Amino acid sequence: MTPSGVPVDLILSKLAESTEKTHTRASDVLLGPIATEIAQTPYDVVYKEDRVKLKYYHPENRPNSHVQTPLLIIYALINRETMLDLQPGRSVVQNFLDNGIDVYMIDWGYPSQKDKYITLDDHVNGYIHNAVDTIRGRHSVSSINIMGICMGGSMSVMFASLHPDKVKNLITTVTPSNFDTDKGLLHVWMKHIDADQLVDTYGNISGDFMNFGFLLLNPARLMLDKYVGFMENMEDREFVENFVRMEKWIFDSPDVPGETFRQFVKDCYQKNLLIQSRLELGGKIVDLKNLTMPLLNIYGKYDHLVPPEACELLTSRVGSTDTEDVCLDTGHIGIYVSSKTRKEFVPKIVKWLKQRDAESD
Amino acid sequence: MDESSGKSLDPAAWFNLWMKSASEAWSAMPQAIPTGFTVPKSEGNDSALPKWAEDQVLSWQSLVSLMGHPNTLAASLQDISRMPESFFSLIFPMLTSAAEIHQKHMGQMGKAGDFLSSFNFKDPEKLALDQWSALYDQEFRKFLNIPQLGLTRQYQEKTNRLMDRFNLLQAALADFLRLLYLPFEKTQADFSQKLVEAAEKNEIPKDPKAQYMIWLKMLEGHYMTLFKTPEYLACLSKTISASAEYSMAKKSLMDDLLKTMSIPSSDAIEGVYKEMYDMKKRIKDLEKIVKTLIQR
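Small disclaimer: the values here were computed from a predicted structure and weren't measured. (Residues numbered from 1 in each chain as written. Chains lettered and ligands numbered in written order. Predicted model: local features only at pLDDT ≥ 70, side-chain atom pairs only at ≥ 80, totals over all residues. Heavy atoms only, no water.)

An account of the side chain of A:Asn178 is requested, with residue identities and associated values reported.
Residue and element names in this part refer to chain A. Relative to the helices and strands, Asn178 resides in the loop between strand S6 (167-173) and helix H5 (185-190). We classify Asn178 as buried; its relative accessible area is 9%. Only 3.1 Å separates the side chain of Asn178 from the side chain of Asn272, close enough to count as a polar contact. If we ignore the near neighbours within four places in the chain, the residues touching Asn178 are His187, Asn272, Ile275, Glu309, Ala310 and Leu313. (Helix = DSSP H or I, 4+ residues; strand = E, 2+ residues; numbered from the N terminus. Buried < 20%, exposed > 50% of the residue type's maximum accessible area, 1.4 Å probe, protein only. Polar contact = N/O pair within 3.5 Å; in protein donor to acceptor, adjacent residues only side chain to side chain. Contact = heavy atoms within 4.5 Å.)

I'd like a description of the packing of helix H6 (residues 195-202) of chain A against helix H8 (residues 230-260) of chain B, backed by residues and values.
Relative orientation and spacing of two packed helices are given, respectively, by the angle between their axes and the distance between those axes. Taken N-terminus to C-terminus, the directions of H6(A) and H8(B) make an angle of 25°; their axes are 9 Å apart at the nearest point. Taken together, H6(A) and H8(B) sit at an angle that is classed as roughly parallel. Every pair of crossing elements has a handedness; the one defined by H6(A) and H8(B) is left-handed. Side by side, H6(A) and H8(B) meet where A:Gln197, A:Leu198, A:Asp200, A:Thr201 and A:Tyr202 of the first sit next to B:Ile240, B:Ser241, B:Ser243, B:Ala244, B:Glu245, B:Ser247, B:Met248 and B:Lys251 of the second. The residue makeup of the contact of H6(A) with H8(B), split by class, is five nonpolar, five polar and three charged. (Axes fitted to C-alpha atoms, helices over the stretch in contact; angles between N-to-C directions. Parallel < 35°, antiparallel > 145°, perpendicular 65-115°, else oblique. Left-handed = near helix turned anticlockwise from the far one by under 90°. Nonpolar A, V, L, I, M, F, W, Y, C, P; charged D, E, K, R; others polar.)

Give me a nonpolar patch on the surface: which residues, what numbers.
A surface patch of nonpolar side chains, about 370 Å² in accessible area, is lined by B:Met254, B:Leu257, B:Met261 and B:Ile263. Among the secondary structure elements, B:Met254 is positioned in helix H8. (Patch = residues over 30% accessible without salt bridge, like charges linked within 9 Å, V, L, I, M, F, W, Y side chains within 5 Å. Areas by Shrake-Rupley, 256 points an atom, 1.4 Å probe, with all protein chains shown as cover. Salt bridge = Lys/Arg side-chain N within 4 Å of Asp/Glu carboxyl O.)

Give me the lowdown on the packing of aromatic side chains, citing residues and values where you can.
Inspection of every chain in the model, using the stated rule, returns 23 aromatic pairs over all chains. Three or more aromatic residues joined by ring pairs form one cluster here, namely A:Trp189, B:Phe176, B:Tyr181, B:Phe184, B:Tyr212, B:Trp215, B:Tyr223, B:Phe227 and B:Tyr232. A cation over an aromatic ring shows up here: A:Lys55 above the ring of A:Tyr43, its NZ or CZ 4.6 Å from the ring centre. The side chain of B:Lys274 reaches across the aromatic face of A:Tyr117, ending 5.3 Å from its centre. (Phe/Tyr/Trp six-rings, centres within 6.5 Å; stacked < 30°, edge-to-face > 60°. Lys NZ or Arg CZ within 6 Å of the ring centre and 35° of its normal.)

If you had to explain the packing of helix H6 (residues 153-200) of chain B against H8(B) to someone new, which residues and values would you point to?
Residue and element names in this part refer to chain B. Where H6 meets H8, the closest approach of the two axes is 8 Å, and the angle between their N-to-C directions is 155°. As the angle between them shows, H6 and H8 are arranged roughly antiparallel. Crossing of H6 against H8: the hand is left-handed. Of the residues assigned to the contact of H6 with H8, the class counts are 17 nonpolar, four polar and ten charged.

Quick one: what's the story with the side chain of A:Thr41, residue by residue and with numbers?
Structurally, A:Thr41 can be placed in the loop between helix H1 (8-31) and strand S1 (43-49). With residues near it in sequence (within four places) discarded, A:Thr41 still touches A:Tyr57, A:Asp85, A:Ser91, A:Val93, A:Gln94 and A:Leu97.

Explain the pairing of S1(A) to me, using residue names and the numbers behind them.
Residue and element names in this part refer to chain A. For S1 and strand S2 (residues 52-57), the ladder comprises six bridges, and the chain directions are antiparallel. Note that in S2 the partner of Asp44 across the bridge is Tyr56. Here S1 hands over to S2 after two residues, with Asp50 in that stretch at a positive phi of 55°. (Pairing = 2+ DSSP bridges.)

Quick one: what's the story with the environment of A:Arg138, residue by residue and with numbers?
All names here are of chain A. Structurally, the position occupied by Arg138 is in helix H3 (residues 120-139). Under the relative-accessibility criterion, Arg138 is labelled partly exposed at 42%. Note: C-alpha distance between Arg138 and Pro70 (68 residues apart in sequence) is 9.8 Å. For Arg138, the residues in contact, after removing those within four places along its chain, are Val46, Tyr56 and Tyr104. Within the local environment of Arg138, its side chain forms a polar contact with the side chain of Tyr104, the two groups lying 2.8 Å apart.

An account of the interface of chain B and chain A is requested, with residue identities and associated values reported.
Taken together, the contact between chain B and chain A spans 42 residues of the former and 43 residues of the latter. Together chain B and chain A conceal approximately 3500 Å² of surface at their shared face, both sides included; 64% is due to carbon and sulfur atoms. Applying the counting rule to chain B against chain A returns seven salt bridges. Run the count over chain B and chain A and you get 17 residue pairs in polar contact (both at pLDDT 80 or more). Elements that contribute at least two residues to the side of chain B that touches chain A include exactly H6, helix H7 (208-227), H8 and helix H9 (266-295) of chain B. (Buried area = accessible area lost by both parts, 1.4 Å probe.)

Run through the environment of A:Thr119, naming residues and quoting values.
Checked against the element boundaries, A:Thr119 lands in the loop between strand S4 (103-107) and H3. Setting aside residues no more than four positions away along its own chain, A:Thr119 makes contact with A:Glu259, A:Thr260 and B:Tyr277.

Keep in mind these numbers describe shape, not what the thing actually does.
And the structure:
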């Protein structure tokens, strides 16, 4: 047998040397104090219904040119809204506040088994509607700005269609509206899921179950390479702190109320009713032509959960003539947390809102 | 086996012998207890025994004298002597059918070899799992589906269902994990091949990180290919379904257990949750109506 010529001994000795160095320094970082708190921007809870809270972030150091219309951020029912406020200096919420926007955000809380019967209609026409009315009342305005994120964006679209008079401007970010695509694995897999069996068996769909599904979307990167990267950078305190913050956020995943999951999977992922204006909520059809307000639709070019194909059809199906698609060079989460993208994402929204604020004056 | 040893194992003969000795014991009982037996009395007391013990002795005495009466004894022993006949007429078919089931079971166990004879060693992991699933489905599963009888039949059925669903889940999980391991296997083979080719051209990357990145990209690519295959989609769906069915079977059995401990079952609690949900919804609707009326 001829030798392969692979310098295995050299490779292994290099690897051992670098590992030893890294681990010596890493112990100082891991055993010392590290700041890993998330969601530190101060807020008040101004409305509460069942498990759902409406957060109002303190508008400190408000600049002179602030946006008159308050903004409500509607996050998905999967994972938590804390992603928009991961850490001071890298917080989307803080950036909005610094740019003079009144920020409200819905905290969906942690559904328990008693919430399994709560439907998509209860979320859209109940919790979101009540939160919007609360903000309208607090600011004495007839309509507010809404920014939806992922599934929260889909629910924002539904709300804006059913209550167009209460939405001044709509921003959808990484929002799936066209589910009939095989570009994202999630879309492919969801077509093979028996939602009825899952909900009838488990009631709510566990956050851990869904997180495991998300990890399986790219196990090589999410279950292996990510932690190899951590091992390589353990001696970097800032890296460790950011990494742990992200781990805290990503595995803090509430369960999804069973009936909501059932309808979202069946009506959206499997029948693709939303984009066809055939989805029914509370006995009414969600007609996209009712979306006559300005619409800004932002999505990620490399989003593996909600690919561009799932997002980009929306602007062509709504009734509004003021629409804009923005495709950023990033993934699903990168839009909000990557330092490069945040320099484009928040300024774009602020500018877009300020322009429409000025037009309405 | 000789004739005498065959006879000694005959259950009918055994039972007759036992009943005969029991009858003789009952016949001898009246003679063993004296008929003139009286409860002893102590000084100062009417009886040396407490009242309850005195009553017990008197009851026992009455029973024995009644059993000792020739007519009663004869009638009782006649009935007892008839028992083995009726008992066996009941038991024998059950024993026979149980023996038949056992024989069939053993026969089916023997048939396991038929499956293995067609075993193909090209893809041993997949074939082993497929063969096990087919073997379980066709030969073993039916024994867990035998209709259960009697007062506890539904509990036995639920226990059998849980065992069945557990076995199905194990089979589905094993197949799912096999599929998830395939990209690693393929990556390992491809990566080794690539390294050998690079070594031959003296182009092998000396930085371990660069090699790791090549390996990782290969692994990622193989996973992406796998995840879109119909085989993976079917396996994913089957595993989730098997897990749900196992959970349902476990819940059903657990609910019965909770009922015996006076703890509300999940079904009962779900009913309460549903009522709470409906009530809250009605209250919220009424609140809105009241608000509208007040505003008017």
